[in-house]
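This is what each chain is made of:
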Amino acid sequence: MFYILLSINLVLIGWLLWRYVQERRFRRLPYIAPAVRDWEQHQPDPSSPLRHRIALVGDLGAVATDGRDPVLNLLHSWLEEAGANSTVVILGDNVYPTGLPAETSIGRAAAERRLDIQLDALRYPGRVVFLSGNHDWNKGRSDGFQYLLRQEAYVREHLPAAQYLPPGGCPDPVTVQLADNLLLVVLNTQWWVQHGTRPLGAAYGCKATDSRMPFQQLQLLLDANRHQQIVVAGHHPLYSNAMHGGQFTTKQHVFPLTAVHKRAYVPLPGVGSLFPIYRRIVGAEEDMAHPRYRKMRRRLLRVLHQFPNIIYAAGHDHNLQYFAYKNGHYLVSGSGSKTAYVGKGGKATFTHEHKGFFTLDFYENGEAWLRTLEPGNADGTERAPEPFRRRLLSSLGDISGAASTPTRASAPASSAD
């Protein structure tokens, strides 16, 4: 028995050392799948006018409040370039650690400062859409609905031009017509993993009366808008090579208590691996493996996979990831104020552990391009060389199974406009 245990430990130590060496080689370097290594040779036609631009910025909740935040400054420069014919989608987790507390809470002033600096940065002629994430719902705790309502009211009061969607924390998908034949669909993915009060039915101003109806609504909505280019936005990723997708660093295997406190370097090799394994197989409530998240993800993908070239954007994991999978485009743009480990390979086309955000550029010729914006210095006053771009759609006919394209889009009655 002793030799068996010794052998197991030696194998485990060898595996951890191998993983550590592998991580050191690629960590914080952009990963680009071999099939698209020639991405730098491709770029949009400079003679084609832009139709609309979208910035997808997630997890801004820990932004610096001294005016030197690199992502906010980078976003500011993008806003100046993009002008009125553009949209910023804030993908949730807008205030760390627990959203906007009650006015009597000792954390209220700090939370307001974090939110105010975002709202000040977003005062521009274009459109602003806020989503909520698990931290905005008090990290999913039973009183999270009240936190959500407070934050929504605060945003509406201090930046009236912004839209906070879906309104009232409802699970109904909401549409926003951004331009001709360009539709944004906003989902409240936190609703499915939230504890305590979850608004549902007419008493809360929601159209959905049960947990299945939002997926039926989405199915009908996407089917009615097959002629449009569609971007779907939610806080939770549907594919991820990072922590919420079950990927962990060697450090997290050896020092698992750093998940509770970043300085808790208590070595627990072997035993420490049980925590990442648990997160990968069973899952915490905000992990893909957790039953609630898994059910929501499965139902949502069942709908999205029916519509070719849907673009789905999320935050939640603190990195940049792009997956071209089953005729769809799946983005994770969650490094607005933090970064965290992301693995390479698998289904991923591009991953990078770096602050920044994705943008989508839609052209008059029908093309849609994914761009990656990252700060090039500590305060974001310089832009780093673009680590990745890709054409996602090639024409207005290259959309959700449409055979033809009408001259004017028509969103269903759930529109937020």
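Please refer to the structure placed before this passage.
Basis of the calculations
Residues numbered from 1 in each chain as written. Predicted model: local features only at pLDDT ≥ 70, side-chain atom pairs only at ≥ 80, totals over all residues. Heavy atoms only, no water. Phe/Tyr/Trp six-rings, centres within 6.5 Å; stacked < 30°, edge-to-face > 60°. Buried < 20%, exposed > 50% of the residue type's maximum accessible area, 1.4 Å probe, protein only. Lys NZ or Arg CZ within 6 Å of the ring centre and 35° of its normal. Pairing = 2+ DSSP bridges. Helix = DSSP H or I, 4+ residues; strand = E, 2+ residues; numbered from the N terminus. Contact = heavy atoms within 4.5 Å. Axes fitted to C-alpha atoms, helices over the stretch in contact; angles between N-to-C directions. Disulfide = S-S within 2.5 Å. Right-handed = clockwise from strand over helix to strand, strands pointing away. Parallel < 35°, antiparallel > 145°, perpendicular 65-115°, else oblique. Left-handed = near helix turned anticlockwise from the far one by under 90°.

Draft legend 1. Broad picture of the packing of aromatic side chains. The tally for this structure, following the rule as stated, stands at 13 aromatic pairs. Residues Trp191 and Trp192 carry aromatic rings whose centres are separated by 5.2 Å and whose planes lie at 70° to one another, so their mutual orientation is edge-to-face. Judged on exposure class, the residue Trp191 and its partner Trp192 are both buried. Members of the aromatic cluster, joined through ring pairs, are Trp39, Tyr322, Phe350, Phe358 and Phe388. One cation-aromatic arrangement involves Arg150 over Tyr147; the distance from NZ or CZ to the ring centre is 4.5 Å. Of note, Lys347 hangs over the ring of Tyr325, and the distance from its end group to the ring centre comes to 5.3 Å.

Draft legend 2. Expanded view of the sheet that holds strand E11 (residues 328–333). Pairing is mixed in the open sheet, where eight strands are placed in the order E1-E12-E10-E11-E9-E8-E7-E6. With one partner strand each, in any of the chains shown, strand E1 (31–32) and strand E6 (174–179) form the two edges of the open sheet. Across three bridges, the pairing between strand E8 (residues 229–233) and strand E9 (residues 311–314) is parallel. What sits directly across from Val231, in E9, is Ile311. In the packing of helix H5 (residues 213–224) onto the sheet, the strands contacted are E6, strand E7 (182–186) and E8, and the crossing angle to E7 comes to about 175°.

Draft legend 3. Structural context of the state of the cysteines. On inspection of all chains with the given rule, the structure shows one disulfide. Between the sulfur atoms of Cys170 and its disulfide partner Cys206 the distance amounts to 2.0 Å. Sign of the S-S torsion, about -80° for the bond between Cys170 and Cys206, identifies this disulfide as left-handed. Placement of Cys170 in the loop between strand E5 (163–164) and E6 and of Cys206 in the loop between E7 and H5 is noted, with a sequence separation of 36 residues between them. Considered together, Cys170 and Cys206 belong to a single accessibility category, that of buried residues.

Draft legend 4. Representation of the pairing of E8 in the model. Most of E8 is tucked away, with five of its five residues classed as buried. The alternating pattern of E8 places Gln229, Val231 and Ala233 on one face and Ile230 and Val232 on the opposite face, and all of these are buried. Pairing analysis gives five bridges linking E7 to E8, with the strands arranged parallel. Bridge pairing in E8 links Val186 to Ala233. Running through H5, the crossover from E7 to the neighbouring parallel element E8 is right-handed.

Draft legend 5. Just the pairing of strand E14 (residues 368–373), in detail. Here E14 lies mainly inside the structure; five of its six residues are buried. Bridge analysis of strand E13 (residues 357–363) against E14 gives six bridges, and the strand direction is antiparallel. By the bridge assignment, Phe358 is partnered in E14 with Thr372. The loop that links E13 with its antiparallel partner E14 comprises four residues; one of these, Gly366, has a positive phi angle of about 95°. Taken together, the four bridges between E14 and strand E15 (residues 389–393) define a ladder with antiparallel strand orientation. Residue pairing in the sheet places Ala368 in a bridge with Leu393 of E15.

Draft legend 6. The packing of H5 against helix H8 (residues 291–304), seen in detail. Contact pair H5 / H8: the axes reach a minimum separation of 10 Å and the direction vectors enclose 20°. With respect to H8, the element H5 is oriented roughly parallel. In this structure, H5 crosses over H8, and the sense of that crossing is right-handed. For the pair H5 and H8, contact is made by Phe215, Leu218, Gln219 and Leu222 and by Met296, Arg299, Leu300, Val303 and Leu304, respectively.

What is shown is where atoms sit, not what they do.
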